[in-house]
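One letter stands for each residue in the lines below.
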Amino acid sequence: MSNITPFVYGSFILPGVIEKERLVMSMTREEKQLTDILVDDLMIPAEKVAHVQLNNPLEHALLVLVKSGYSAVPVLDQDYKLVGMIGKTIILDQILGLERFETEILSNKQVKEVMRDDIHILTRKDNFLSGLKAVINSPFICVADEEGVFDGILTRRAILKELQKDLYRSKK
Ligand code: 4BW
């Protein structure tokens, strides 16, 4: 810490800020304070996230959801851009008829017809507080880059684990 340029007014502000950024980037996650943690440090990367595609029939989406065990997953287009989210409840609601489950709908309808597209999106560079606020109302939040390409998800579990670590640290 001692070799950081002091934070002073005028032309010395920038070097100080850059030094701090470098120092924070070189820290391990364990060493970082909550305020220095970014979404990038906590998210599950895209290659480990179960997802479905816009043109998949609902049958395929339900299979992915049941087999993965997740209640909802992101929806991507053919260019891996994030376009929405679909969950078991949305699908079951679609096939619920007056007297029976109309299972034929599963092969007749596509994900794009029923998915939620009004989703909250974060970027890798968003900070811990933005992530915390976002997961209050949703068990996970999708992360995408400036072009909308899917980067991964931030889960409520990842945020809670960091809060727990911080509580233990401040007890010591
Ligand atoms: O398969 C599972 N493995 C583990 N380790 N935990 C699971 C699994 N399925 C559910 N859980 C637990 C997690 O604590 O139940 C919570 C609620 O799951 P959900 O929402 O309702 O299916 C899980 O909480 P979480 O880790 O904070 O994840 C929040 C939500 O993020 C999940 C799911 O919709 C989504 N998600 C998490 N990991 C995912 C994923 N979606 C796709 N792929 C992944 N790898």
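Model, not experiment: these values are computed from the prediction. (Residues numbered from 1 in each chain as written. Predicted model: local features only at pLDDT ≥ 70, side-chain atom pairs only at ≥ 80, totals over all residues. Heavy atoms only, no water.)

Asks: Explanation requested: the nonpolar core in the structure shown.
Replies: If you look at the biggest cluster of nonpolar residues, it comprises 17 residues, and the most contacted ones within it are Val52, Leu58, Val75, Ile86, Ile91 and Val111. For this core, the secondary-structure elements that each account for two or more residues are α3 (58-68), β3 (72-76), α4 (88-95), α5 (105-108) and α6 (111-114). The greatest single-element share of this core, amounting to 5 residues, is contributed by α3. If we skip the residues at most four places from it in the chain, isoleucine 86 touches Val52, Leu58, Leu65, Ser71, Ala72, Val73, Val75, Ile91, Val111, Val114 and Met115. (Core = buried A, V, L, I, M, F, W, Y, C linked by side-chain atoms within 4.5 Å. Buried < 20%, exposed > 50% of the residue type's maximum accessible area, 1.4 Å probe, protein only. Helix = DSSP H or I, 4+ residues; strand = E, 2+ residues; numbered from the N terminus. Contact = heavy atoms within 4.5 Å.)

Asks: So what exactly am I meant to see when it comes to helix α7 (residues 128-136) here?
Replies: The periodicity of an α-helix, 3.6 residues per turn, causes residues three or four positions apart to be oriented the same way. Buried residues of α7: Phe128, Gly131, Ala134 and Val135, and no others. Buried residues of α7, viewed axially, fall in a sector of 130°; they line one side. Opposite the buried face of α7, at more than 90 degrees from it, the exposed residues are Lys133 and Ile136. The elements touched by buried residues of α7 are α2 (39-42), β5 (121-122), β6 (140-144), β7 (150-155) and α8 (156-171). (Arc of directions from axis to C-beta.)

Asks: Mind showing me how you'd approach the site of the ligand here?
Replies: Taken together, 16 residues lie around the ligand, and Lys48, Ala50, Ser71, Ala72 and Arg157 are the ones closest in. In the environment of the ligand, a nitrogen atom lies 3.1 Å from a nitrogen or oxygen atom belonging to the backbone of lysine 48. A distance of 2.8 Å separates an oxygen atom of the ligand from a polar atom in the backbone of arginine 157. Notes on the ligand: free accessible area 760 Å², of which the protein chains cover 66%. (Near = heavy atom within 4 Å. Polar contact = N/O pair within 3.5 Å; in protein donor to acceptor, adjacent residues only side chain to side chain. Areas by Shrake-Rupley, 256 points an atom, 1.4 Å probe, with all protein chains shown as cover.)

Asks: When you look at the packing of α7 against α8 in this model, what are you seeing that I'm missing?
Replies: When two helices pack together, their arrangement is given by the angle between the helix axes and the distance between those axes. At a minimum axis separation of 10 Å, α7 and α8 run at an interaxial angle of 125°. By the criterion of interaxial angle, the relationship of α7 to α8 is oblique. Where α7 crosses over α8, the two elements pack in a sense that is left-handed. Residues Phe128, Gly131, Leu132, Val135 and Ile136 of α7 lie in contact with α8, whose contacting residues are Arg156, Ile159, Glu162 and Leu163. Here the residues of the contact of α7 with α8 sort into 6 nonpolar, 1 polar and 2 charged. (Axes fitted to C-alpha atoms, helices over the stretch in contact; angles between N-to-C directions. Parallel < 35°, antiparallel > 145°, perpendicular 65-115°, else oblique. Left-handed = near helix turned anticlockwise from the far one by under 90°. Nonpolar A, V, L, I, M, F, W, Y, C, P; charged D, E, K, R; others polar.)

Asks: Even after reading the chapter, I still don't get unusual backbone geometry, so can you show me in this structure?
Replies: With the exception of glycine, most residues fall at negative phi, and the peptide bonds are largely trans. Non-glycine residue tyrosine 80 carries a positive phi angle of around 65°. Among the secondary structure elements, tyrosine 80 is positioned in the loop between β3 and β4 (82-87). Residue tyrosine 80 is classed as partly exposed on the basis of its relative accessible area of 48%.

Asks: What am I meant to see in a nonpolar patch on the surface here?
Replies: A surface patch of nonpolar side chains, about 290 Å² in accessible area, is lined by Leu92, Leu96 and Phe101. Tracing the backbone through its elements, the reader meets leucine 96 in the loop between α4 and α5. (Patch = residues over 30% accessible without salt bridge, like charges linked within 9 Å, V, L, I, M, F, W, Y side chains within 5 Å. Salt bridge = Lys/Arg side-chain N within 4 Å of Asp/Glu carboxyl O.)

Asks: Would you take a moment to explain the environment of isoleucine 121 for this structure?
Replies: Along the chain, isoleucine 121 falls in strand β5. Each C-alpha atom of the pair isoleucine 121 and glycine 148 lies 9.3 Å from the other, and the pair is 27 residues apart in sequence. With sequence-adjacent residues up to four places away left out, isoleucine 121 is seen in contact with Leu82, Ile141, Cys142 and Ala144.

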